[in-house]
Amino acid sequence: MKKKYFKKYLCLGLAVITAFCLAGCKNSNLLDLSEDDRDLYAEYAANLLLKHDKNYIDRMRYVEPVEETTTEQTSREPVTEKPVNPGNPEGSTGTQVSDTKSMNEIFGISGLDIQPNGYEVTNAYPSNGSELGMSMQAIKGYKLLIYKFNVVNTAGQDVTLNMMEPAASYRGIINDSVKVNVQVTALLNAFNTYNGIIPAGSTQELVLISQINENDAKNISSVKLNITYNDRQGTVVIN
């Protein structure tokens, strides 16, 4: 709308408000209005006159739209998982990690040095005499596999060895493929149930025993023992 028309209508509106204000009606509250309120009434009166003008924007009802701000979404690079080579786990230098440990690493018994001392395949243990307690006999079709250990006292004083508290778990491995259980026996020198004193400066031979198939007993190339003790685990090479 042209500026001259706006001024015309605005003056007309002010005139209407002035007429109301000067009417002097006792019951009218217009004279009690503040200056700001009177300005609002004047603007309202002008709006009444101008609202039919198609070029006019009603300031009493129109709210200026706020331009919507769009935040650009941060682009993310797709995460590509690094393939893991089963033969070379992440962090590996290419050298195969072995779980082979010594008896001392697994048991960590102060004052004692525990060393594997080979194995023996037999029908009965002990083969001569009964000073080691009850004799073990292999059942038909089987042989006894005897795992031998030398326990050396290196402390310079007697050391008590109790292998029952806490008890370890053992499993024999023949030729890296055949796994056999280790038996609990009544032998006095059984490593897994031994509870006694190793005198200062002495060496005590202790054993573990498994029963193995005769066919497996004929073709033994390696004997190992998997041991779990407390939170430690490892494979000990017997021969």
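Just above sits the structure.
These remarks concern the structure in this document. (Residues numbered from 1 in each chain as written. Predicted model: local features only at pLDDT ≥ 70, side-chain atom pairs only at ≥ 80, totals over all residues. Heavy atoms only, no water.)

The next point concerns the sheet that holds strand β1 (residues 112-122). The strand order β1-β4-β9 describes an open sheet built from three strands, whose pairing is antiparallel. For this open sheet the edge positions go to β1 and β9 (203-213), each flanked by a neighbour on one side alone. Across the sheet, the mean angle separating the axes of adjacent strands is 20° when strand polarity is ignored. Relative to strand β4 (residues 142-153), β1 is paired through nine bridges, and the arrangement is antiparallel. (Pairing = 2+ DSSP bridges. Helix = DSSP H or I, 4+ residues; strand = E, 2+ residues; numbered from the N terminus. Axes fitted to C-alpha atoms, helices over the stretch in contact; angles between N-to-C directions.)

This part takes up unusual backbone geometry. Note the cis peptide between Tyr125 and Pro126, where omega equals -10°. Mapped onto the fold, Pro126 is located in the loop between β2 (124-125) and β3 (136-137). The residue after Glu165, namely Pro166, is reached through a cis peptide bond having omega -10°. Relative to the assigned elements, Pro166 resides in the loop between β5 (159-162) and β6 (169-174). Not every positive phi belongs to a glycine, and Asn175 is a case in point at roughly 55°. Among the structural elements, Asn175 can be located in the loop between β6 and β7 (178-181). A residue is classified by how much of its surface remains accessible, and Asn175, at 27% relative accessible area, is partly exposed. With phi around 65°, Asp176 is a residue other than glycine that occupies positive phi space. Inspection of the secondary structure assignment puts Asp176 in the loop between β6 and β7. (Buried < 20%, exposed > 50% of the residue type's maximum accessible area, 1.4 Å probe, protein only.)

Bringing the nonpolar core into the picture now. By size, the foremost hydrophobic cluster in this structure holds 31 residues, and its most contacted members are Phe107, Tyr147, Tyr170, Phe191, Leu225 and Ile227. Listed by contribution, the elements that provide at least two residues to this core are α3 (103-107), β1, β4, β5, β6, β9 and β10 (223-229). Excluding residues within four positions of it along the chain, Ile227 makes contact with Met103, Ile106, Phe107, Ala168, Ser169, Tyr170, Arg232, Gln233, Gly234 and Val236. (Core = buried A, V, L, I, M, F, W, Y, C linked by side-chain atoms within 4.5 Å. Contact = heavy atoms within 4.5 Å.)

Our focus in this paragraph is the packing of aromatic side chains. Applying the stated criterion to the full structure yields four aromatic pairs. Centre to centre, the rings of Phe107 and Phe191 are 5.5 Å apart; their planes meet at 70°, and the pair counts as edge-to-face. A residue pair is termed long-range when its members are at least 10 positions apart, and Phe107 in helix α3 and Phe191 in the loop between β7 and β8 (195-198) qualify at 84 residues. Relative to Tyr229, the ring of Phe107 lies with its centre 4.8 Å away and its plane at 55°, an arrangement referred to as tilted. Placement of Phe107 in helix α3 and of Tyr229 in strand β10 is noted, with a sequence separation of 122 residues between them. (Phe/Tyr/Trp six-rings, centres within 6.5 Å; stacked < 30°, edge-to-face > 60°.)

For Asp176, a relative accessible area of 56% translates into the label exposed. Discounting residues that sit within four places of it in the chain, Asp176 has contacts with Ser222 and Lys224. Only 3.0 Å separates the side chain of Asp176 from the side chain of Lys224, close enough to count as a polar contact. (Polar contact = N/O pair within 3.5 Å; in protein donor to acceptor, adjacent residues only side chain to side chain.)

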